[in-house]
Amino acid sequence: MEKKSTNIISYSDLQESITRIYDLAMGACEWESLIQSITHTLRAEQGVIRTVNMNSRDVDLLHTYNKDHSFNQVYRDYYVNVDPWLEIYEKTKNLILCTHHYYSDPEYAKLEIYNDFIAPQKMHYGIGAIFELTKDQTAYAVFHRDFSQKGFEQDKLDTYKMLVPHLRQGLLIYGQLNHIKFEKHLLQDALNQVKDPMLLVDKLGTILFMNASAEKLINQFPSVSLWNNHLRISSIEHDQKLKKLIAQATLDNPSGAFKQGGAMNFRDPISQAPLYLLINPVNPDKANQVSSKKEIAIISLGTDSFQSLITPELLIRLYDFSKAEARLAGWLCHGLTMHEISENLNLSMNTLKTQLRACFIKAGVDSQSKLINLINTGPVNTCAGFEIEYI
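Residues numbered from 1 in each chain as written. Predicted model: local features only at pLDDT ≥ 70, side-chain atom pairs only at ≥ 80, totals over all residues. Heavy atoms only, no water.

*Asks:* An account of the overall build of the chain is requested, with residue identities and associated values reported.
*Replies:* Within the chain one finds 15 helices and 12 strands. For the chain, with 391 residues in total, the buried portion stands at 49%. Long-range contacts, defined as pairs at least 24 residues apart, comprise 61% of the intrachain contacts of the chain with a sequence gap of at least 6. (Helix = DSSP H or I, 4+ residues; strand = E, 2+ residues; numbered from the N terminus. Buried < 20%, exposed > 50% of the residue type's maximum accessible area, 1.4 Å probe, protein only. Contact = heavy atoms within 4.5 Å.)

*Asks:* If you had to explain the side chain of Thr-159 to someone new, which residues and values would you point to?
*Replies:* Take Thr-159: it is sitting in helix H7 (residues 154-193). Polar side-chain contacts of Thr-159 include one of 2.7 Å to the backbone oxygen of Asp-155. (Polar contact = N/O pair within 3.5 Å; in protein donor to acceptor, adjacent residues only side chain to side chain.)

*Asks:* If you had to explain helix H3 (residues 70-77) to someone new, which residues and values would you point to?
*Replies:* Note that an α-helix has 3.6 residues per turn; residues three or four places apart therefore point the same way. The set of residues buried in H3 consists of Phe-71, Asn-72 and Tyr-75. Angular distribution of buried residues about the axis of H3 spans 100°; they occupy a single face of the element. (Arc of directions from axis to C-beta.)

*Asks:* Hey, could you go over the side chain of Thr-41 for me, with residue numbers and the actual values?
*Replies:* Turning to its location among the elements, Thr-41 is positioned in helix H2 (residues 31-41). Polar contacts involving the side chain of Thr-41 include one to the side chain of Ser-17, which spans 2.8 Å. Dropping the residues within four chain positions of it, Thr-41 is found in contact with Asp-13, Leu-14, Ser-17, Lys-156 and Thr-159.

*Asks:* Could you give an account of the packing of helix H12 (residues 323-333) against helix H13 (residues 338-345), with specific residues and numbers?
*Replies:* Here H12 crosses H13 at 130°, and the two axes come no closer than 10 Å. Accordingly, the angle class assigned to the pair H12 and H13 is oblique. Between H12 and H13 lies a crossing of right-handed hand. Of the residues in H13, those in contact with Arg-327, Leu-328, Trp-331 and Leu-332 of H12 are Met-338, Ile-341, Asn-344 and Leu-345. (Axes fitted to C-alpha atoms, helices over the stretch in contact; angles between N-to-C directions. Parallel < 35°, antiparallel > 145°, perpendicular 65-115°, else oblique. Left-handed = near helix turned anticlockwise from the far one by under 90°.)

*Asks:* Break down the pairing of strand E2 (residues 59-65) for me, citing the residues and quoting the values.
*Replies:* Most of E2 is tucked away, with 5 of its 7 residues classed as buried. As paired strands, strand E1 (residues 46-53) and E2 are joined by 6 bridges and run antiparallel to one another. When the bridges of E2 are listed, Ile-49 appears paired with His-63. (Pairing = 2+ DSSP bridges.)

Okay, here's the thing in structure tokens:
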């Protein structure tokens, strides 16, 4: 039985823990700080938050407060495989438990995990929740007292019931943002390795990302500069045209039609070298997946004609095409027909059609026109779903 108490719920402690949950989710506090806050709110001594893959029993996340550091590794190595909490979860799904009910069971006291792991860790009484995060991933957060404190009072159980929905939501946000950061890091790393100079800009022209090739090329043109995190051209005429093309590519179009990209070029008055700019929009069906910046365009820079901007290397990195598939897709985007490509490469139409079907599958389209449209409206589509931060 839960220990009865006349204590009322401490809403200041409850609010403090809820605040820390969302601080943790957004990366504004550390795990130990969060677990310590909830431990204090429940008047417990120790706390554990874990996420476990229910198929592989891999422990994806494991953080503790006021426990020996060896606890985490021992649990990962062995005890996750014999944890009765996971067995309970598989039978009942989402639930909150006061575990001293189970620990007082004579049969439970005979279990290996109790005698070799739980008792030595002084986890005699526990209050915890087990809940589903994803199809395969389960999370549970358990807070413990030792024998001297006895079981948890009803007001602590009520408090924890109020915390659990926030804890689940916080863990979901934390997981999603970490995935986004990881994928964004991979994307930026890939773009930095691509030799084609590229910038990502928002609808105001603010630079969200610029790869090393773009920065190097811009430095070669005296009439082009980076000012207040914007790309600027000394010629007012050309600078206004660039702004217009960016606005055109990022215009919010409620009709759902494809946004319009654009191109421009000019000759630097000092070096006399030509600079070509190709501005591509994010497709509307992808734009709403970009978290904080829904209207984004990619600016590709080059000293040759725009034909060279869609390179096989870029298509391989962005769409995982093979070299042959990237070559075919690039030539199609440059305006060549399948027949012309067949003659130029001395390849049969059947071979090219096989390569084209592979491009469809990897790019997620079902026609040649959609493939060309996808590529021509920008490799920025790979940013869909990623949080992009200002550089």
